[in-house]
Amino acid sequence: MHSLLIDDPLDPRLNDFRNVPDAELVRRRGIFVAEGRLVVRRLLTESTLVARSVMLTDTARESMMDVIALRPDVPVYVVPDTVMDGVAGFRVHRGCLAIGEYPSARSWQDVIVVARTVVVLERIANADNVGGIFRCAAAFGVDAVLLDSDTTDPLYRKAIRTSMGAALVVPFARAEHWPAALGELRARGFAVVAMTPAHSAPELNTTATAVADRPIALVLGHEGDGLSGPALAACEFHARIRVTSTVDSLNVAAAAAIALYECRRDGRR
């Protein structure tokens, strides 16, 4: 990979980077945007997703030289800070952006074919929460993440950044037929566990022990409403995280971290 110096903000080679805060415009282009040196590094070295090009400042280039040397197939455009921010349409985090080609949709059944641990998301709206859950998924060795049609895109720029690039690495797919997909997971032998704050649900450690010898699918729901009634009914198990009476529930990404840790504890998974 060789670096090309560009100081003209109208240079057509920078077109993919224009106005990237406009999520709908980015989607129509069939691309995604990775922001920040760590995230771009993961895209170029760990992800199976296709990187199209990188735009960075001269300072960022110095810290990325090792990665640049590994990927001669990806063009690198070195630009002044003012050009980068003007083209991108916002103040770019640490002077580094990459463009990737948005992947073709995959069947969720193919994504989980050899999975032992799956996270399933229903109506998670906040990009930070989606990114946080992907970060937890990577930290605890989750094999795949499934999303219903209403959950925020994990390849949205903010979700990728919050995930620290994990959304570029952890396999995911949409489960369009909802909540029928939960029934199919059960039919495939997964212990499908709904995370809920309901006091009628068993505590998490009890449920985790009950399903310790089975593949597990942890199901997490909307930040305000939690899982829908049909999703709760489709799950074989329910589990709650015991908290004090001063709060009614945890942030969904925090709940995901605790649940995944508990399901791995003592080498059970």
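Summary of the structure given here. (Residues numbered from 1 in each chain as written. Predicted model: local features only at pLDDT ≥ 70, side-chain atom pairs only at ≥ 80, totals over all residues. Heavy atoms only, no water.)

### A closer look at helix α5 (residues 81-88)
In step 1: Val83, Met84, Asp85, Val87 and Ala88 are the residues of α5 that are buried.
In step 2: Looking at the packing, one finds that the buried side of α5 touches β3 (51-56) and β5 (96-101).
In step 3: Looking one or two places after α5, you find Gly89, whose phi comes out positive at around 90 degrees. (Buried < 20%, exposed > 50% of the residue type's maximum accessible area, 1.4 Å probe, protein only. Helix = DSSP H or I, 4+ residues; strand = E, 2+ residues; numbered from the N terminus. Contact = heavy atoms within 4.5 Å.)

### Some words on empty space enclosed by the protein
In step 1: If you walk through the whole model with that rule in mind, you get one cavity of 30 Å³ or more.
In step 2: Estimated volume of the largest cavity: approximately 120 Å³.
In step 3: As for the largest cavity, its lining consists of 13 residues, and the residues nearest its centre are Ala23, Val26, Leu155, Tyr156 and Arg157.
In step 4: Looking at the lining of the largest cavity, the elements with two or more residues in it are α1 (23-29) and β2 (31-35).
In step 5: Of the residues that constitute the lining of the largest cavity, the class distribution is 10 nonpolar, no polar and three charged. (1 Å grid on protein atoms, 1.4 Å probe; cavity = no way out; pocket = protein on both sides within 12 Å on 5 of 7 lines; lining within 4 Å. Points joined across faces, edges and corners; volume = space filled by probe spheres on them. Nonpolar A, V, L, I, M, F, W, Y, C, P; charged D, E, K, R; others polar.)

### Some details on the nonpolar core
In step 1: Counting residues in each nonpolar core, the largest one holds 56 residues, and the members touching the most others are Val145 and Leu168.
In step 2: Per-element accounting of this core gives the leading share, seven residues, to helix α12 (residues 252-264).
In step 3: For Val145, the residues in contact, after removing those within four places along its chain, are Val119, Leu121, Phe134, Ala137, Val170, Pro171, Phe172 and Ala173.
In step 4: Counting residues in hydrophobic clusters, the runner-up holds 22 residues, among them Ala181, Leu182, Leu185 and Cys235. (Core = buried A, V, L, I, M, F, W, Y, C linked by side-chain atoms within 4.5 Å.)

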